[in-house]
Amino acid sequence: MTPYDPTDSEAGDRLVTAAADGEDRAVEAALRPRDLGEFIGQERVREQLSLVLQAARRRGATPDHVLLSGPPGLGKTTLSMIIAAEMNAPIRITSGPAIQHAGDLAAILSSLTEGEVLFLDEIHRMSRPAEEMLYMAMEDFRVDVIVGKGPGATAIPLELPPFTLVGATTRAGLLPPPLRDRFGFTGHMEFYAPAELERVVHRSAGLLDVEIDAAGAAEIAGRSRGTPRIANRLLRRVRDYAEVRHGGLITPEIAAQALDVYEVDGRGLDRLDRSVLDVLLRLFGGGPVGLSTLAVAVGEESETVEEVAEPFLVREGLLARTPRGRIATAAAWQHMGMTPPAAPPGPRAPLAAQQGLFDRSEPPAPED
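So, a few notes on the structure that sits alongside this text. No experiment lies behind these values; they were computed from the predicted model shown. (Residues numbered from 1 in each chain as written. Predicted model: local features only at pLDDT ≥ 70, side-chain atom pairs only at ≥ 80, totals over all residues. Heavy atoms only, no water.)

The contact between helix H11 (residues 271-282) and helix H12 (residues 291-298) brings their axes to 9 Å, and the two run at 115 degrees. In this view, H11 runs roughly perpendicular relative to H12, as classed from their interaxial angle. Judged by the sense of rotation from one axis to the other, the crossing of H11 with H12 is right-handed. From H11, Leu 272, Ser 275, Val 276, Val 279 and Leu 280 reach across to H12, where they touch Leu 294, Ala 297 and Val 298. Class assignment for the residues of the contact of H11 with H12 results in 7 nonpolar, 1 polar and no charged. (Axes fitted to C-alpha atoms, helices over the stretch in contact; angles between N-to-C directions. Helix = DSSP H or I, 4+ residues; strand = E, 2+ residues; numbered from the N terminus. Parallel < 35°, antiparallel > 145°, perpendicular 65-115°, else oblique. Left-handed = near helix turned anticlockwise from the far one by under 90°. Contact = heavy atoms within 4.5 Å. Nonpolar A, V, L, I, M, F, W, Y, C, P; charged D, E, K, R; others polar.)

The structure is reproduced here in structure tokens:
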């Protein structure tokens, strides 16, 4: 079964989605840092990766293969480009869904030059035949090209120049162990803290020639879901609002007004997120309620609710998944400005009495 991809649905058009569209890619190309010193956040991954690259340069060798995992929008593509820049090597970019046959991968590998960096995005979505060919290419820098069919087929070994594969995945658990073990370095990207996102917003504002004060950057960072890509997207929308209605300067008041227009609230929830919570609280009293029932009430597909809205709501502690269904937390009631229903009236048996109904132990022996 093909994993659900939020970018394939209408939910990919949300302002707070971490998936990149054409405009994002064009802007990110201008905003991307060029070296590890400019890269903001991910301190542990940056330090570890810096050691890997410095050691490779001193040895005059290609770096080990690198696997970067984590949610979208945190800088995996940017780090791959930095790896190539730090090694003064060219980079070739492709993705797992684009490699559906072993021949597709063989054509890419056979055209690599020595030391080149091959960035393979969404590596977990690569086809199985291509994946098995990649094992040998990563370990022995060799692939076997099959010529002919049936009993007369012949395997021709093709030597490859040393290269560095940088794989990126949002679902590291879907990678088979043989592939995961062939990476010499694995880095997991974490969500950004608000202070780090403020630095991202300030840096991007400078590159985009946008006037913004510290409080305005903090307002945008607080609604960016811990993701630099979302922070940059919100900055562009706030810039538009500020230029049209307020002369260009972004203050916290102007940023809040702009993001209210785009229906992004103070915690980064948008229309879909708030619809899920509103239906869960108002129609179902906070749950528990099944996913399909909740999706019908919201007017979305079950996959959209489960894969697009729920992860952030769960991470924010606003919603919980239980065996009986989805339930809202106390924080959800508070955030939506609603009061949870009172407990149903009627006496409740003490816990000790309830346990006594099922207590089959022998009565204590009478004292002498």
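Each strand in a sheet pairs with another by means of backbone hydrogen bonds, the pair being arranged parallel or else antiparallel. Reading across from one edge, S2-S3-S6-S1-S7 is the order of the 5 strands in this open sheet, with parallel pairing throughout. Two strands in the sheet have a free side with no partner beyond their single neighbour: strand S2 (91-95) and strand S7 (185-188). Averaged over all adjacent pairs, the angle separating strand axes in this sheet is 15 degrees, with direction ignored. Sheet topology places S2 next to strand S3 (residues 117-121); 5 bridges connect them, and they run parallel. Considered in S3, the bridge of Arg 92 is made with Leu 118. (Pairing = 2+ DSSP bridges.)

The next subject is helix H5 (residues 128-140). The end-to-end C-alpha distance of H5 is 19 Å, a good match for the 18 Å that 13 residues give at a rise of 1.5 Å each. Burial in H5 covers these residues: Ala 130, Glu 131, Met 133, Leu 134, Tyr 135, Ala 137 and Met 138. Just past H5, the residue Phe 141 takes up positive phi, approximately 50 degrees. (Expected span 1.5 Å × (residues − 1). Buried < 20%, exposed > 50% of the residue type's maximum accessible area, 1.4 Å probe, protein only.)

Here helix H7 (residues 194-207) crosses helix H8 (residues 214-222) at 120 degrees, and the two axes come no closer than 8 Å. For the element pair H7 and H8, the recorded crossing hand is right-handed. Here Pro 194, Leu 197, Glu 198, Val 201 and His 202 of H7 come into contact with H8, specifically with Ala 214, Ala 217, Ala 218, Ile 220 and Ala 221. Classifying every residue of the contact of H7 with H8 gives 8 nonpolar, 1 polar and 1 charged.

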